[in-house]
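Reading the structure
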Amino acid sequence: MKHVAIVGSGPAGCYLADQLLRLVPDAQVDIVERLPVPFGLVRYGVAPDHQGTKAVSRLLDRVLARDRLRFFGHVEVGRDMRLEELRELYDAVVLATGAPRDRRLGIPGETLPGVVGSASFVGWYNGHPDCAAPPLLDVREAVVIGNGNVAIDVARVLAKTPAELAGSDLSPQVHERLLAQRIGTIHIVGRRGPADAKFTRAELAELGKLAGARPVIAEPQALSDLKALAEPQATADRQALVDPRPPGEAPASGEAAAIVELLRGFAQDARDTPVRIVFHFGAAPLAFEGRDRLESVRFARAGGEPLVLPAQLAVSCIGYQAVACCTAAPAAGVFVNEGARIEDGLYVAGWAGRGPSGTIPTNRTEAQRIAQRIAAELVDHGRGGSDALARTLAARRVRVVDHAAWRRIDAAELARAGTDRCRHKFESIEAMLEAAVAR
Ligand code: NAP
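Residues numbered from 1 in each chain as written. Predicted model: local features only at pLDDT ≥ 70, side-chain atom pairs only at ≥ 80, totals over all residues. Heavy atoms only, no water.

Concerning the environment of Gly-98
Note on placement: Gly-98 falls in the loop between strand E4 (92-95) and strand E5 (101-102). Overall, the relative accessible area of 22% leaves Gly-98 in the partly exposed class. Not counting chain neighbours up to four residues away, the residues in contact with Gly-98 comprise Ala-322, Trp-351 and Ala-352. (Helix = DSSP H or I, 4+ residues; strand = E, 2+ residues; numbered from the N terminus. Buried < 20%, exposed > 50% of the residue type's maximum accessible area, 1.4 Å probe, protein only. Contact = heavy atoms within 4.5 Å.)

Rendered as structure tokens:
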């Protein structure tokens, strides 16, 4: 039997396990997860009101239930066992640990209360046990920095009415904290132009369909200046003018044109709503300002006056970085790899290897490629695999959450959901472990 351990049970880890089980009939694949609960970014990154996307967890759960796969939840590499020990027990180890740390802006005031990164903010509203509640205090104006889908998620969750959040898995405590703020204005600020935004169409379009909020374009002139963008033959030239990125990194021109069209539609929206979501473009963050807590965010604008937006909450949604897994350390936010291989017998998958880009299905496609490589290089060294890992953890008195125990946590979360939400997550490790006990 060949033995593979995957560290991390997010979409990258689960899809890879699935592919390996299909490709290598004589392989046992184990997933080691530091939390008692699986699915990583699907559970803690995808927005609570996007249950359609979160539904992929049912598919990933079927992977965890497969023969020749064992789930070792609540086992942290670096705490419960060393990476080197794991590598001695398995023929191959794959780091699928994601990119859980916020990129920093590196500007003054970033540590002021009221300034948070999207990893901790999104983690908080998704009930991640590591993410403390941000210090929200009478937030009337919020600033969201970045023009990606995470910025859209954050703005939408802040803007939705209780009726729109019904059926989500937002916890009652989080919902209460958000409602207590009475937010009237949410600014979404991009450092480049509208044609450079990384939003995808469906996500941006959702902001135009909210019951209690309407999108506003701070400078609609910026959109009419981009007339040529909607004409396919002129798009490439226009792209070259507005986009400083090297070729290949620019968004598909059709997508950029569609985004600009959506924004133009927003500019026509004259509804009177309690909340406004104001888009600003071409404004680079300069400083978070305030005496004891955030009072405003200052932005530089090319050739113009600085933009100063009063705010009591600022969420920077500018991307994420991988963190060390025991002795394996990332460089510049990712584990350096060559086609997923870090070194002999050690591989990386998902955001930990390629950086924080792509949607959940991107991991499925990537998993096929990585599994083929691992399958081709996998050698049976007669290692101890699952049984040896289980023995080691038992000897160390590690409280392992296996798949059946995870299912008990899952059932308990569904059972306590009530009528307003689809799931009420446990937010502490202790509560998860308590629910994991067989009764
Ligand atoms: P992203 O798409 O890479 O967007 C990051 C944004 O931050 C960009 O607008 C970027 O601007 C900006 N930024 C970076 N550094 C900055 C700085 N120093 N100052 C100001 N702005 C800065 O990342 P994301 O929104 O975190 O999303 C991560 C991935 O998850 C993406 O692939 C996204 O599509 C995916 N996702 C998908 C969904 C969904 O499908 N519903 C939801 C959430 C996330 P530049 O372009 O100028 O660098």
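From this point, the narrative continues.
Description of the packing of aromatic side chains
The geometry of an aromatic ring pair comes down to the distance between the two centres and the angle between the two planes. Counted under the stated rule, the structure contains seven aromatic pairs. Plain terms: the ring middles of Phe-121 and Tyr-125 are 5.7 Å apart, the flat faces sit at 85° to each other, and that makes the pair edge-to-face. A residue pair is termed a helical-turn pair when its members lie 3 or 4 positions apart in one helix, as Phe-121 and Tyr-125 do in helix H6 (residues 118-125) at four residues. By way of ring pairs, the aromatic residues Phe-199, Phe-266, Phe-279 and Phe-281 are connected into one cluster. (Phe/Tyr/Trp six-rings, centres within 6.5 Å; stacked < 30°, edge-to-face > 60°.)

What to know about the packing of helix H17 (residues 403-415) against helix H18 (residues 429-436)
Following both chains from N to C, one finds H17 and H18 inclined at 105°, their axes separated by 7 Å at the closest point. With respect to their mutual orientation, H17 and H18 come out roughly perpendicular. For the pair formed by H17 and H18, the contact residues are Ala-405, Arg-408, Ile-409 and Ala-412 on the first element and Met-432, Ala-435 and Ala-436 on the second. When its residues are assigned to classes, the contact of H17 with H18 shows six nonpolar, no polar and one charged. (Axes fitted to C-alpha atoms, helices over the stretch in contact; angles between N-to-C directions. Parallel < 35°, antiparallel > 145°, perpendicular 65-115°, else oblique. Nonpolar A, V, L, I, M, F, W, Y, C, P; charged D, E, K, R; others polar.)

As for H17
Because each turn of an α-helix spans 3.6 residues, side chains separated by three or four positions end up pointing in the same direction. Here H17 spans 18 Å end to end across 13 residues, near enough to the 18 Å set by a 1.5 Å rise per residue. Turning to H17, its buried residues are His-403, Ala-405, Trp-406, Ile-409, Asp-410 and Glu-413. The arc that holds every buried residue of H17, seen down its axis, measures 160°, which confines them to one face. At its buried positions, H17 is contacted by helix H2 (40-44), helix H4 (56-64), strand E3 (69-73) and H18. (Expected span 1.5 Å × (residues − 1). Arc of directions from axis to C-beta.)

Some words on the nonpolar core
Judged by nonpolar contacts, the single largest core of 46 residues is most densely connected at Ile-6, Leu-16, Leu-20, Ile-374 and Ile-409. Here the element with the most residues in this core is helix H1 (residues 11-23); it accounts for seven residues. Non-local contacts of Ile-6, meaning those with residues more than four positions away in its chain, are made with Gly-13, Leu-16, Ala-17, Leu-20, Val-29, Asp-30, Ile-31, Val-32, Val-94 and Ala-96. Residues Val-122, Val-139, Ala-142 and Val-275 belong to the second largest nonpolar core, which totals 45 residues. (Core = buried A, V, L, I, M, F, W, Y, C linked by side-chain atoms within 4.5 Å.)

As for the state of the cysteines
Two cysteines form a disulfide when their sulfur atoms are joined by a covalent bond. Under the definition given, this model contains zero disulfides. Take Cys-14: it sits in no disulfide, and the sulfur closest to it among the cysteines is that of Cys-325, at 16 Å. With relative accessibility at 0%, the residue Cys-14 sits in the buried group. Free cysteine Cys-422: the closest other cysteine sulfur is in Cys-14, separated by 19 Å. (Disulfide = S-S within 2.5 Å.)

Overview of the pairing of strand E14 (residues 313-316)
Burial along E14 is two-sided: the face carrying Leu-313 and Val-315 and the face carrying Ala-314 and Ser-316 are both buried. Both strand E6 (residues 115-117) and E14 contribute to a ladder of three bridges, which runs parallel. Following the sheet pairing, Val-115 is matched in E14 by Ala-314. Relative to E14, strand E7 (residues 141-145) runs parallel, the two being bridged by four bridges. Looking at E14, one finds that Ala-142 is bridged to Leu-313. (Pairing = 2+ DSSP bridges.)

Some remarks on the sheet that holds strand E8 (residues 185-189)
The strands making up a sheet are joined through hydrogen bonds of the backbone, oriented either antiparallel or parallel. Read from one edge to the other, the open sheet built from six strands follows the order E6-E14-E7-E8-E10-E9, with strand pairing classed as parallel. Two strands bound the open sheet, and with one partner strand each, they are E6 and strand E9 (213-217). Along the sheet, successive strands turn relative to each other by an average axial angle of 20°, direction set aside. In terms of strand pairing, E8 meets strand E10 (residues 275-280) through five bridges, oriented parallel. Paired with Ile-186 across the two strands is Ile-277, which belongs to E10. Strand contacts of H6: E6 and E14, with the helix running at about 85° to E6, the strand carrying the most contacts.

Quick notes on the pattern of salt bridges
According to the stated counting rule, one finds 30 salt bridges in the structure shown. Between Asp-80 and Arg-79 there is a salt bridge whose closest N-O contact spans 2.9 Å. With relative accessibility at 13%, the residue Asp-80 sits in the buried group. For Arg-79, a relative accessible area of 47% puts it in the partly exposed group. (Salt bridge = Lys/Arg side-chain N within 4 Å of Asp/Glu carboxyl O.)

Some remarks on the domain arrangement of the protein chain
By the assigned domains, the protein chain splits into domain 1 (2-100 + 321-436) and domain 2 (104-318). The interface formed by domain 1 and domain 2 holds four salt bridges in total. Close ionic contact of Arg-156 with Asp-49 constitutes a salt bridge, the shortest N to O distance being 2.7 Å. Linking domain 1 to domain 2 there are 15 residue pairs in polar contact (both at pLDDT 80 or more). (Domains from an automatic or database assignment. Polar contact = N/O pair within 3.5 Å; in protein donor to acceptor, adjacent residues only side chain to side chain.)

Brief notes about the site of the ligand
Taken together, 21 residues sit near the ligand, with Asn-147, Arg-191, Arg-192, Glu-203 and Gly-358 positioned nearest. Contact between the ligand and Val-150: an oxygen atom at 3.1 Å from a main-chain N or O atom of the residue. Side-chain polar atom of Arg-192 to an oxygen atom of the ligand: 2.7 Å apart, as the coordinates give it. When isolated, the ligand has an accessible area of 920 Å², and the protein chains bury 82% of it. By residue number, the principal contributor to the shell around the ligand is helix H7 (residues 149-159), which donates three residues. Considering only residue class, the shell around the ligand consists of eight nonpolar, eight polar and five charged. Residue contributions to the shell around the ligand reach at least three from each of two domains, namely domain 1 (2-100 + 321-436) and domain 2 (104-318). (Near = heavy atom within 4 Å. Areas by Shrake-Rupley, 256 points an atom, 1.4 Å probe, with all protein chains shown as cover.)

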